[in-house]
Amino acid sequence: MQRRHERLEALLAAEDLDAAVVYGADRSGSAIPWLTGWPVTREAALLVHPGERDLLYIQFHNHVPNARRIAPRCDVQWGGTSTVEAICAALSARAAKRVGIIGPFRYQDHSQIQETVQHVVPLDRQYLAIRLVKSPEEVEWLRRGAFLSDQAVEALRVGLRPGMNEYELGALAESAYVSQGGTTHIHYFGVTSMMNPQSFVPSQWPSGRVVDIGDVVTTEISASWWGYPGQVLRTMTVGVEPTSEYRKLHETAEATYEAILSAVEPGVHVSALVEVSGIIEDAGFTTCDDLVHGFGGGYLPPVLGSRSRPAGPIPDMVLEEGMTIVIQPNIISGRSGVQTGGLVYVTSAGAEELQGAPRGLWRV
């Protein structure tokens, strides 16, 4: 925590700023837990003013006692009727004139801060750059999140049965990690018939659709340990072997994953990861989901699509030792699709898979 504050204070000095205001709401805004330990609930705003104790305002009033236990470095207070008004009053009391801001501020809150101080500088881009390379402590917590995510997908492999609906798949996944202190980051499912496919990528919101023999189930699972999630993606068929179409889709997904994994090492330009994924188009397929993205502290750069489905311009950046990325080939053809992959750690020796769930196209 001390190192994190030192990095933020160095950023403030470089930008000639007096203080930083960090904001989060509705369980969003990763900089608040990164700097305080407090996972955002309804709303939180943090004032970091070098030379002064951090000031953390919390909504709701009944969340304050827990926040004081979890964030002992901070002076934790109730935000009153307006958390941002409370922060603005603190900025005035401390005579802060040049302020950096980080987080998902609403327009009216941003405007209120601008009216309170002389100069406001957005620091989200610089904050994300700090989060790209993980500390050893962060990697240990990501390993824990990866383990809990593996437990969830293993529970699906063992417990998924015809007659269950998608809601029950979520309950089955969560049952594997909640008792171990894990929390849900995401669990997405795609359930469809292999003979009459209607889903080629996991869905973000489950339906009551009932799993049947002959279905294929695609999954994207992230269980989290105090804001540090793993991510594991697997495809499984229900009660039968995969059709030749799904077998070929998955063989292409595995080959793509291996090609990208083999290309990962410090100093590699991220464009190389897209280049080696040409296996997809050579097989006559394309993708829907992003092919690679940074992970751990947010959905981070590099966000890469395939050649046939770009995710925007390829960023001009190279992989660095200590980054964590998700490699997740989602190979599709028409309305059919599969997905595989997981969280990967960039080490001096290349890629280390943090997910331990067995690879392959599972039959359940």
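Structure first, text after, so check above.
## Focus on the overall build of the protein chain
Helix and strand counts for the protein chain come out as 11 helices and 19 strands. Projected onto the principal axes, the alpha-carbon positions of the protein chain cover approximately 70 × 45 × 35 Å. Looking at the protein chain as a whole, 54% of its 364 residues qualify as buried. Within the protein chain, contacts between residues separated by at least 24 positions form 63% of all contacts whose residues are at least 6 apart in sequence. Accessible surface for the protein chain amounts to roughly 15,400 Å². Of this, 52% is attributable to carbon and sulfur atoms.

## Remarks on the sheet that holds strand S16 (residues 336-339)
Here three strands make up an open sheet; going across it, the order is S11-S15-S16 and the pairing antiparallel. The open sheet terminates on both sides in strands that have one partner only, identified here as strand S11 (286-287) and S16. In the sheet, S11 pairs with strand S15 (residues 330-333) via two bridges, with the strands oriented antiparallel. From the neighbouring strand, Thr286 faces S15, where its bridge partner is Ile332.

## Focus: the sheet that holds strand S2 (residues 43-48)
Pairing is mixed across the open sheet formed by six strands, whose spatial order is S4-S3-S2-S1-S5-S6. Each end of this open sheet is capped by a strand with a single partner; those strands are strand S4 (75-78) and strand S6 (119-122). Taking each pair of neighbouring strands and ignoring which way they run, the sheet shows an average axis angle of 20°. Direction of pairing for strand S1 (residues 19-25) relative to strand S5 (residues 98-102): parallel, over a ladder of four bridges. Bridged to Ala20 within S5 is Gly100. Along the sheet, helix H5 (residues 107-116) contacts S1, S5 and S6; its crossing angle with S6, the most-contacted strand, is approximately 140°.

## Some words on the packing of helix H4 (residues 83-93) against H5
Two elements in contact, H4 and H5, have axes whose closest approach is 10 Å; the angle formed by their N-to-C orientations is 15°. Considering the angle they form, H4 stands roughly parallel to H5. For the pair H4 and H5, the crossing hand works out as right-handed. Along the contact surface, H4 presents Val84, Glu85, Cys88, Leu91 and Ser92, while H5 presents Asp109, Gln112, Ile113 and Thr116. When its residues are assigned to classes, the contact of H4 with H5 shows four nonpolar, three polar and two charged.

## Remarks on the pattern of salt bridges
By the definition in use, this model includes 18 salt bridges. Three or more residues joined by partner-sharing salt bridges are found here, namely Glu254, Glu258, Glu353 and Arg359.

## With respect to the packing of aromatic side chains
Throughout the structure, instances matching the rule amount to three aromatic pairs. Look at Trp34 and Tyr127: their rings are 5.7 Å apart centre to centre, the planes differ by 70°, and that puts the pair in the edge-to-face class. Of the two residues, Trp34 is situated in helix H2 (residues 31-36) and Tyr127 in helix H6 (residues 124-131); the sequence distance between them amounts to 93 residues. Note on Tyr127: relative accessible area 6%, which makes it buried. Both rings, one in Trp141 and one in Tyr228, keep their centres 5.9 Å apart while their planes meet at 85°; by these two values the pair is edge-to-face. One end of the pair, Trp141, is in helix H7 (residues 136-159); the other, Tyr228, is in strand S9 (residues 228-229), and 87 residues separate them in sequence. Directly above the aromatic system of Trp225 lies the positively charged group of Arg144, at a separation of 5.2 Å from the ring centroid. The ring of Trp362 has Arg157 sitting right over it, with the charged end atom 6.0 Å from the ring centre.

## Side note on the environment of Asp54
The residue Asp54 is located in the loop between S2 and strand S3 (55-59) in this model. Accessibility expressed as a relative area gives 7% for Asp54, which makes it buried. Placed 19 residues apart in sequence, Asp54 and Leu35 show a C-alpha to C-alpha distance of 9.6 Å. Setting aside residues no more than four positions away along its own chain, Asp54 makes contact with His5, Leu46, Leu47, Val48, Cys74 and Asp75. There is a polar contact of 2.4 Å between the side chain of Asp54 and the side chain of His5.

## Points about the pairing of strand S14 (residues 324-327)
The side-chain alternation of S14 yields two buried faces, one formed by Thr324 and Val326 and the other by Ile325 and Ile327. The sheet contact formed by strand S12 (residues 292-295) and S14 spans three bridges and is antiparallel. The residue of S14 that forms the bridge with Gly294 is Ile325. Examined bridge by bridge, S14 and strand S17 (residues 341-347) share four bridges and lie antiparallel to one another. Looking at S17, one finds that Ile327 is bridged to Gly342.

Conventions and cut-offs
Residues numbered from 1 in each chain as written. Predicted model: local features only at pLDDT ≥ 70, side-chain atom pairs only at ≥ 80, totals over all residues. Heavy atoms only, no water. Helix = DSSP H or I, 4+ residues; strand = E, 2+ residues; numbered from the N terminus. Buried < 20%, exposed > 50% of the residue type's maximum accessible area, 1.4 Å probe, protein only. Contact = heavy atoms within 4.5 Å. Areas by Shrake-Rupley, 256 points an atom, 1.4 Å probe, with all protein chains shown as cover. Pairing = 2+ DSSP bridges. Axes fitted to C-alpha atoms, helices over the stretch in contact; angles between N-to-C directions. Parallel < 35°, antiparallel > 145°, perpendicular 65-115°, else oblique. Left-handed = near helix turned anticlockwise from the far one by under 90°. Nonpolar A, V, L, I, M, F, W, Y, C, P; charged D, E, K, R; others polar. Salt bridge = Lys/Arg side-chain N within 4 Å of Asp/Glu carboxyl O. Phe/Tyr/Trp six-rings, centres within 6.5 Å; stacked < 30°, edge-to-face > 60°. Lys NZ or Arg CZ within 6 Å of the ring centre and 35° of its normal. Polar contact = N/O pair within 3.5 Å; in protein donor to acceptor, adjacent residues only side chain to side chain.

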